[in-house]
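Below are the chains, spelled out letter by letter.
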Amino acid sequence: MPRHIVLVGMMGAGKTSVGLWLAKAKAIPLYDLDQLIEEKEGKTIPQIFATEGVEYFREKEMELVNQIVSFPPGVVATGGGTLINPLNFMLLKRHGRLFYLQASLDLLWVRLKDKTDRPLLLGKEPKITLERLLKERESLYKAADIEIAVEGKTVEQLGELLWNYWEKMEKTNLS
């Protein structure tokens, strides 16, 4: 049975954009964890963080990962911190092919510096926080099946590259 295409990486790496492109171009479902949590909770991620806290959000994220692994194969756009939970990592790895969309701190900062919808970056020194989070999470991201540098590539190029890797992996797994 085909596995999910699981996009992992830091906030701002392009997981949602690449996921949307793949879902449309390849006519497969998109499971965007943050979007699905927002829909289910009736609140934005920043609102959830502010009213319920990070732990509550991570609990909802884990519940959703548990559900998604049984859904028809598609693209799973994870949140930047999804892999922090070892159970999430294990489930996504078992039921999907993990693709790390790797972006430099400088590129991430360019993409995120003016965003107000990233609760973890709302403190006094957001770039330092972003750098710390990247360092803390990078080993988790690097445990993905494939690492793809996003710099210098369009969403379409990333999507096609990712799709080609996924198809080869699935063919190898089936033979």
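Here is what the cut-offs are and how they apply
Per-chain numbering applies: the sequence of each chain, read as written, is numbered from 1 onward. Totals for whole chains, interfaces and linings use all residues, but because this is a predicted model, local features are given only for residues with pLDDT of at least 70 and pairs of side-chain atoms are given and counted only at 80 or more. Only hydrogens and water are set aside; all other atoms, that is, all heavy atoms of the structure, feed into the side-chain values. Every definition here rests on a 1 Å grid over the protein atoms only: cavities are sets of points where a 1.4 Å probe fits but cannot get out, pockets are open sets enclosed by protein on both sides within 12 Å along at least five of seven lines, and lining residues have some atom within 4 Å of a point. Grid points are joined across faces, edges and corners, and a volume is the space filled by probe spheres set on the points. Strands are runs of DSSP state E lasting at least two residues, helices are runs of H or I lasting at least four, and both sets are numbered from the N terminus onward. Gly is put with the polar residues, along with every residue not named as nonpolar or charged; the nonpolar set is Ala, Val, Leu, Ile, Met, Phe, Trp, Tyr, Cys and Pro, and the charged set is Asp, Glu, Lys and Arg. Only protein chains enter the accessibility calculation, which uses a 1.4 Å probe; a residue is then buried when its area is under 20% of its type maximum, exposed when over 50%, and partly exposed in between. By definition, two strands form a pair when at least two bridges between them are found by DSSP. What makes two residues a contact is simply this: any of their non-hydrogen atoms within 4.5 Å. Geometry of aromatic contacts follows a simple scheme: Phe, Tyr and Trp rings, the Trp one being its six-membered ring, pair when their centres are within 6.5 Å, and the pair is stacked under 30 degrees between planes, edge-to-face over 60, tilted otherwise. When a carboxyl oxygen of Asp or Glu is within 4 Å of a side-chain nitrogen of Lys or Arg, the pair counts as a salt bridge. A fitted line through C-alpha atoms represents every axis, and for helices the fit uses only the stretch in contact; the resulting angles, taken between N-to-C directions, go from 0 to 180 degrees.

A.B. asks: Help me understand the layout of surface pockets, please; the structure alone is not making it clear to me.
C.D. replies: Unoccupied space between atoms shows up once a probe the size of one water molecule is rolled over them. Its volume calculated, the largest pocket comes out at about 620 Å³. Lining the largest pocket are 32 residues; nearest its centre among them are M11, T16, D34, D117 and R118. Listed by contribution, the elements that provide at least two residues to the lining of the largest pocket are α1 (15-26), α2 (33-41), α3 (45-51), α4 (54-68) and α6 (105-112). Its residues assigned to classes, the lining of the largest pocket shows 11 nonpolar, 10 polar and 11 charged.

A.B. asks: Honestly, the pairing of strand β4 (residues 96-102) in this entry has me stumped. Any pointers?
C.D. replies: Moving residue by residue along a regular strand, the side chains alternate between the two faces of the sheet. The buried count for β4 comes to seven of seven residues, which makes it a mostly enclosed element. Burial of the side chains of β4 extends over both faces: G96, L98, Y100 and Q102 are buried on one face and R97, F99 and L101 on the other. In the sheet, strand β1 (residues 4-8) pairs with β4 via five bridges, with the strands oriented parallel. Its bridge partner lying in β4, V8 is registered against Y100. Pairing of β4 with strand β5 (residues 146-149), which is carried by four bridges, proceeds in the parallel orientation.

A.B. asks: What exactly am I supposed to notice about unusual backbone geometry here?
C.D. replies: As a rule of thumb, non-glycine residues mostly have phi less than zero, and peptide bonds are mostly trans rather than cis. Even without being a glycine, A27 presents a positive backbone phi close to 55 degrees. Relative to the elements of secondary structure, A27 occurs in the loop between α1 and β2 (30-32). Relative accessible area serves as the criterion here: at 71%, A27 is assigned to the exposed category.

A.B. asks: Even after reading the chapter, I still don't get empty space enclosed by the protein, so can you show me in this structure?
C.D. replies: Under the criterion given, the structure shown has one cavity of 30 Å³ or more. Every residue lining the largest cavity is listed: I37, K40, E41, K60, E63, L64 and Q67. Among the secondary structure elements, those contributing two or more residues to the lining of the largest cavity are α2 and α4. Broken down by element, the lining of the largest cavity gets its largest block of residues, four residues, from α4. Its residues assigned to classes, the lining of the largest cavity shows two nonpolar, one polar and four charged.

A.B. asks: Teacher, can you tell me more about the side chain of K60 here?
C.D. replies: Residue position: K60 is located in helix α4. Among the residues examined, K60 registers a relative accessible area of 18% and is labelled buried. Here K60 is in contact with I37 and E41, once residues within four sequence places are set aside.

A.B. asks: Quick question: what am I supposed to make of the packing of aromatic side chains here?
C.D. replies: Aromatic ring pairs are reported here in terms of the distance separating the ring centres and the angle at which the planes meet. Taken as a whole, this structure holds four aromatic pairs when the rule is applied. For the ring pair F49 and F57, a centre distance of 5.1 Å and an interplane angle of 50 degrees mean the geometry is tilted. Neither F49 nor F57 differs from the other in exposure class; each is buried.

A.B. asks: Help me understand the pattern of salt bridges in this model?
C.D. replies: Where charged atoms from two side chains of opposite charge come close, those side chains can pair. Here the structure, examined in full by the defined rule, presents 10 salt bridges. Note that K43 and E52 form a salt bridge whose closest N and O atoms lie 3.0 Å from each other. Look at K43 and you get partly exposed, because its relative accessible area is 27%.

A.B. asks: How should I be thinking about the sheet that holds β1 in this particular structure?
C.D. replies: For sheets, the rule is that strands pair by backbone hydrogen bonds, running either parallel or antiparallel. One open sheet accounts for five strands, arranged β2-β3-β1-β4-β5; its pairing is parallel. Since the sheet does not close on itself, it has two edges, and those belong to β2 and β5, each with one partner. Put simply, the sheet's adjacent strands are angled 25 degrees from each other on average, direction ignored. Pairing geometry for β2 and strand β3 (residues 75-77), over three bridges, is parallel. Across the sheet, the residue bridging to Y31 is V76, located in β3. Across the sheet, helix α5 (residues 86-95) lies against β1, β3 and β4, angled at about 115 degrees from β4, the strand it touches most.

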